[in-house]
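# What the coordinates show
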There are 2 protein chains.
Amino acid sequence: MIHIKEVAKQTDISVRTLRYYDQIGLLTAPAKTEGGHRLYTEEELKRLQYIHFLKGMGYSLKEIKKMLSDPNWNWRDSLNNQLACILEEQQRLKRMESSLRELIHGIVVEGGDEQAAVQKLIQLSQQYKKRSPSLEQSIFSKRERELLARVPKMNGEDPDTMEWIALLGQLKQHMKDGPDSPKVQSIVRRMLEKQAEEFEDENEFIDKLWEVRKSPQQSELLGLYPIEQELLDFMEQAYEAHMVLLQGRLGGKGEYRES
Amino acid sequence: MIHIKEVAKQTDISVRTLRYYDQIGLLTAPAKTEGGHRLYTEEELKRLQYIHFLKGMGYSLKEIKKMLSDPNWNWRDSLNNQLACILEEQQRLKRMESSLRELIHGIVVEGGDEQAAVQKLIQLSQQYKKRSPSLEQSIFSKRERELLARVPKMNGEDPDTMEWIALLGQLKQHMKDGPDSPKVQSIVRRMLEKQAEEFEDENEFIDKLWEVRKSPQQSELLGLYPIEQELLDFMEQAYEAHMVLLQGRLGGKGEYRES
DNA sequence: TATACAAAATGACGTAACGTCACTTTCAAG
DNA sequence: CTTGAAAGTGACGTTACGTCATTTTGTATA
C-alpha cells in the first residue's frame, strides 16, 4: 500500500490532483487507514499513467472516465476523431501565426502605427471572406497567376520578404526627403534590383501588378496588404525620378536604350 | 446611437458577450437611455473589431484591456512574444499528433488490444526521456544512423508506413496458422520485398537492425516501437521457413546462390 | 506515554469567458 | 393603455485544478 505523497512523487502528479481524481471518481483509492488516509496500489499507478497519457492527448477528464469505464469503447473512432480535432487546431494556429506575422510586418511598414496596421488587417480579413477569384482571373493570365503566388504577402518569414518590408518601411521614413534624395533613390534601386531578380523578363506582369498596386481597392481584392495612397504616389515619383536620372546619365554618355 | 442587438448583429458577437465586456470595463457603452438600455456609437464598433481581432490572436481579455488602455504599450515585444507562444503550441500539437498516430497504428499491430498499445507507448515515452545517443553510436556507423532515420516509426501517415503496420497486424493475426502457412509466407515475402526496396544493398545494416529488433530492450532504447517477443520469434521462424522453401526450390532446379 | 511535528483530510474560494436560465423592467407600436 | 419584444440584472454552471485555512492523523522522540 502506497501513501498519496509517494504516488505523487513517482508519477509527478500533484497530491491535490490525486484527491481531485478521487473526488470525481476517476481514480478512487482502493483502501484507507482508520483515520481516512488514502492508500494506493501498483494498479492505481498504472491507471494513473494511463490517465495522464490520455490527458496529454487532449482528452478531458470526463471523456477519459467514460473511456476507461466502458469495456466496449470504440477506440478507433475516438482516436481518429481526436486526431482530426488536433489537425484542425493546427490549422487554426497556422492562421494565427500568419496573421501575427502580417501584423508585425505591417507595423514596420506603417512606421510604428499599430492602430493603422490592425485596421488594415481587419479590412483585409473582412474582404477576404467575400473575395471571389473573378478579379484575379480577369486581369492576369494563368502563367501570371502563378507568378502572383510568389509576390511577398507580408506574412512570410523568409529573408526576402523581410527585406521588402524593411525597404517599404525605410521608404516611408524618408518620404520627407523628397523622391530624388540619394537615400530614396538607393532604396528604389534596390527594389528594382530585387524585382528583377524575382521576376526577370516578366515586364508585362510587373506592369500589371503595379497598376493593381496603385489602386488600394484592387490590392485589397487581391489579398495584398493595402499600401496607403500617399506612399504609393511617392514610390511612383521616386521611380520616375530614378528613370530621369538614368536617362540623364546615359544621355550624357551618348547612349539610350530604355523605352 | 445603436442598440445592443444591432451591434451584435453587425459584429456577429453575442449580446451576452457585449454585456460582459461592459461589465469588465473592456467596452463600456458611452450612453444609456433613461431606462438603462445601452447605446453604442460607430466608435465602439471599431473598438469591438479591434478587440475581436486581438482575441483571435490568442490574447486574453485582461491582456487586451491592458493593451488598449496603455498608450505606451510595447506592441513589438508583445506580438513577438505571442508569436513565440503560438509556435510552441504548434510544437505541442505536433507531438500530440505524432503520439496519436503511433497509438492508432499500435492498436492495429496489437490486434485491437488498446491497453497493450497504450502501455507500450507509455514505456516508450518514459524511455525517451533518459535516452542517450550512446547506444545508437556504439552499434551503428554514421551512414547507418542516417538509414536509421528512414526506418518507419509508427507515427507516419505515408502509405509506406501504413503498409508496414498492416503487414505486422496481419502477421499477428495469422500466427495461429504456423510460420510456413501460405498466408504467412506471402506476408514475409512482401516484407522482404519492401525491405529490399528501401534498403537495397545495405545488408549489414539490415542485419544489425534485426539484431536490435530481436531485443525489446534495445528496440526501446532506440525509440523503436517494441514488438512483443512472441511476434518477433514467430517472424524469425517464418523467415527461416521462407529461406528453406527458397533453397528447396532453387535446389530442385539445381541452383544455389544464397549464403 | 505525552508531545511535537510532518503529512493528510476537508472545505471553500478563485480562475476565463461566457451560455443559459429566471425574473423584472423598458421600449415602441397599435 | 396594453402588449409583446427586447433589454436589464443576478445567479449558477463549466474545467481542472492551485491555493489558502482549519482540523485530524500518523509517527518518532524524549
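Residues numbered from 1 in each chain as written. Chains lettered and ligands numbered in written order. Predicted model: local features only at pLDDT ≥ 70, side-chain atom pairs only at ≥ 80, totals over all residues. Heavy atoms only, no water.

## Notes on the UniProt feature "domain: HTH merR-type" (unreviewed entry) in chain A
- According to UniProt, the positions carrying the feature "domain: HTH merR-type" (unreviewed entry) are residues 1–70 of chain A.
- From the first C-alpha to the last, residues 1–70 of chain A spans 27 Å; its make-up is 59% helix and 10% strand. (UniProt positions renumbered as here; feature names shortened; annotations may be inferred. Helix = DSSP H or I, 4+ residues; strand = E, 2+ residues; numbered from the N terminus.)

## Here's the deal with the protein's contact with DNA strand C
- The environment of DNA strand C is made up of 21 residues, and the closest members are Arg19 and Arg38 of chain A together with Thr17, Tyr21 and Thr33 of chain B.
- For the surface near DNA strand C, the elements supplying multiple residues, two or more each, are α1 (4–11) and α2 (15–23) of chain A together with α2 (15–23) and α4 (61–69) of chain B.
- Across the surface near DNA strand C, the residue classes break down as four nonpolar, eight polar and nine charged. (Near = heavy atom within 4 Å. Nonpolar A, V, L, I, M, F, W, Y, C, P; charged D, E, K, R; others polar.)

## Thoughts on the interface of chain A and chain B
- With 33 residues of chain A in contact, the opposing surface of chain B contributes 33 residues.
- Looking only at chain A, the three residues that lose the most surface to chain B are Tyr50, Phe53 and Leu100 of chain A, adding up to 18% of its buried area.
- The interface formed by chain A and chain B holds zero salt bridges in total.
- Linking chain A with chain B are six residue pairs in polar contact (both at pLDDT 80 or more), by the criterion used here.
- Those elements that provide at least two residues to the side of chain A that touches chain B are α3 (42–56), α5 (75–109) and α6 (114–130) of chain A. (Contact = heavy atoms within 4.5 Å. Buried area = accessible area lost by both parts, 1.4 Å probe. Salt bridge = Lys/Arg side-chain N within 4 Å of Asp/Glu carboxyl O. Polar contact = N/O pair within 3.5 Å; in protein donor to acceptor, adjacent residues only side chain to side chain.)

## Describing the relation of the copies chain A and chain B
- Expressed as a screw transformation, the operator carrying chain A onto chain B has a rotation angle of 180° and an axial translation of 0.1 Å, and the superposed copies differ by an RMSD of 0.1 Å. Taken together, the rotation and translation relating the two chain copies correspond to the operation of a two-fold axis. Within chain A, the C-alpha atom positioned nearest to the axis of rotation is that of glutamine 90 of chain A, 3.2 Å from it.
- Looking at the interface residues of chain A, 100% of them are also at the interface in chain B, so both copies use one shared face. (Least-squares fit on C-alpha atoms with pLDDT ≥ 70 in both.)

## Some remarks on the sheet that holds strand β2 (residues 31–32) of chain A
All names here are of chain A.
- Sheet architecture is open: three strands sit in the order β1-β3-β2, paired in antiparallel fashion. Either end of the sheet is taken by a strand with one partner, and the two such strands are β1 (2–3) and β2.
- As paired elements, β2 and strand β3 (residues 38–40) share two bridges and run antiparallel to each other. Within β3, the position partnered with alanine 31 by the bridge is leucine 39. (Pairing = 2+ DSSP bridges.)

## Quick word on the side chain of aspartate 22 of chain B
All names here are of chain B.
- Tracing the chain through its elements places aspartate 22 in helix α2.
- Taking relative accessible area as the criterion, aspartate 22 reaches 13% and is therefore assigned buried.
- Only 2.6 Å separates the side chain of aspartate 22 from the side chain of arginine 38, close enough to count as a polar contact. (Buried < 20%, exposed > 50% of the residue type's maximum accessible area, 1.4 Å probe, protein only.)

## As for the protein's contact with DNA strand D
- Around DNA strand D, 20 residues are found, and the nearest of them are Thr17, Tyr21 and Lys62 of chain A together with Arg19 and Arg38 of chain B.
- Backbone sugar and phosphate groups make up 79% of those atoms of DNA strand D lying within 4 Å of the protein.
- Separating a phosphate oxygen of DNA strand D from a side-chain N or O atom of serine 14 of chain A is a distance of 3.0 Å.
- Between DNA strand D and the protein, one listed contact pairs a phosphate oxygen with a backbone N or O atom of lysine 5 of chain B at 3.5 Å.
- Every element with two or more residues in the surface near DNA strand D is listed here: α2 and α4 (61–69) of chain A together with α1 (4–11) and α2 of chain B.
- Of the residues forming the surface near DNA strand D, the biggest block, four residues, is contributed by α2 of chain A.

## A word on the packing of aromatic side chains
All names here are of chain A.
- Tallied over the full model, the rule gives seven aromatic pairs over all chains.
- Look at tyrosine 20 and tyrosine 21: their rings are 6.3 Å apart centre to centre, the planes differ by 45°, and that puts the pair in the tilted class.
- Tyrosine 20 sits in the partly exposed class, given a relative accessible area of 35%.
- Looking at tyrosine 21, the relative accessible area reads 5%, which means it is buried.
- Centre to centre, the rings of phenylalanine 140 and phenylalanine 205 are 5.7 Å apart; their planes meet at 55°, and the pair counts as tilted. One end of the pair, phenylalanine 140, is in the loop between α7 (134–139) and α8 (142–148); the other, phenylalanine 205, is in helix α11 (residues 203–213), with 65 residues separating them in the sequence. (Phe/Tyr/Trp six-rings, centres within 6.5 Å; stacked < 30°, edge-to-face > 60°.)

## A few points about helix α11 (residues 203–213) of chain B
Residue and element names in this part refer to chain B.
- Taken as a whole, α11 has its buried residues at Phe205, Ile206, Leu209, Val212 and Arg213. Viewed along the axis of α11, the buried residues span an arc of 120°, placing them on a single side of the element. Those residues of α11 that are exposed and angled more than 90 degrees off the buried face are Asn203, Glu204 and Asp207. (Arc of directions from axis to C-beta.)

## Some points on the side chain of glutamine 82 of chain B
- Topologically, glutamine 82 of chain B is positioned in helix α5 (residues 75–109).
- In terms of polar contacts, glutamine 82 of chain B uses its side chain to reach the backbone carbonyl oxygen of methionine 57 of chain B, at 3.0 Å.
- Aside from chain neighbours lying at most four places away, what touches glutamine 82 of chain B is Leu100 of chain A together with Met57, Gly58 and Tyr59 of chain B.

## Section: the nonpolar core
- In terms of nonpolar packing, the biggest core is built from 108 residues, with Leu18 of chain A together with Leu18 of chain B touching the most fellow members.
- Contacts of leucine 18 of chain B, omitting those with residues within four sequence positions, involve Ile4, Val7, Ala8, Ile13, Leu27, Tyr40 and Leu48 of chain B. (Core = buried A, V, L, I, M, F, W, Y, C linked by side-chain atoms within 4.5 Å.)

## With respect to the confidence of the model for chain A
- Chain-level pLDDT for chain A is 88 on average; 95% of the residues reach the 70-or-more range.
- This model gives residues 253–259 of chain A a pLDDT under 50, and the stretch forms five contacts once residues within four places in sequence are excluded. (pLDDT = per-residue confidence, 0-100.)

## Quick notes on the sheet that holds strand β2 (residues 31–32) of chain B
- Read from one edge of the open sheet, three strands run β1-β3-β2 (chain B), paired in antiparallel fashion. Both outer strands of the open sheet, β1 (2–3) and β2 of chain B, are each paired with one neighbouring strand and no more.

## Remarks on unusual backbone geometry
All names here are of chain B.
- One non-glycine residue, aspartate 12, lies in positive phi territory at about 60°.
- Structurally, aspartate 12 is set in the loop between α1 and α2.
- Relative accessible area serves as the criterion here: at 70%, aspartate 12 is assigned to the exposed category.
- Backbone geometry places aspartate 201, a non-glycine residue, at a positive phi of 65°.

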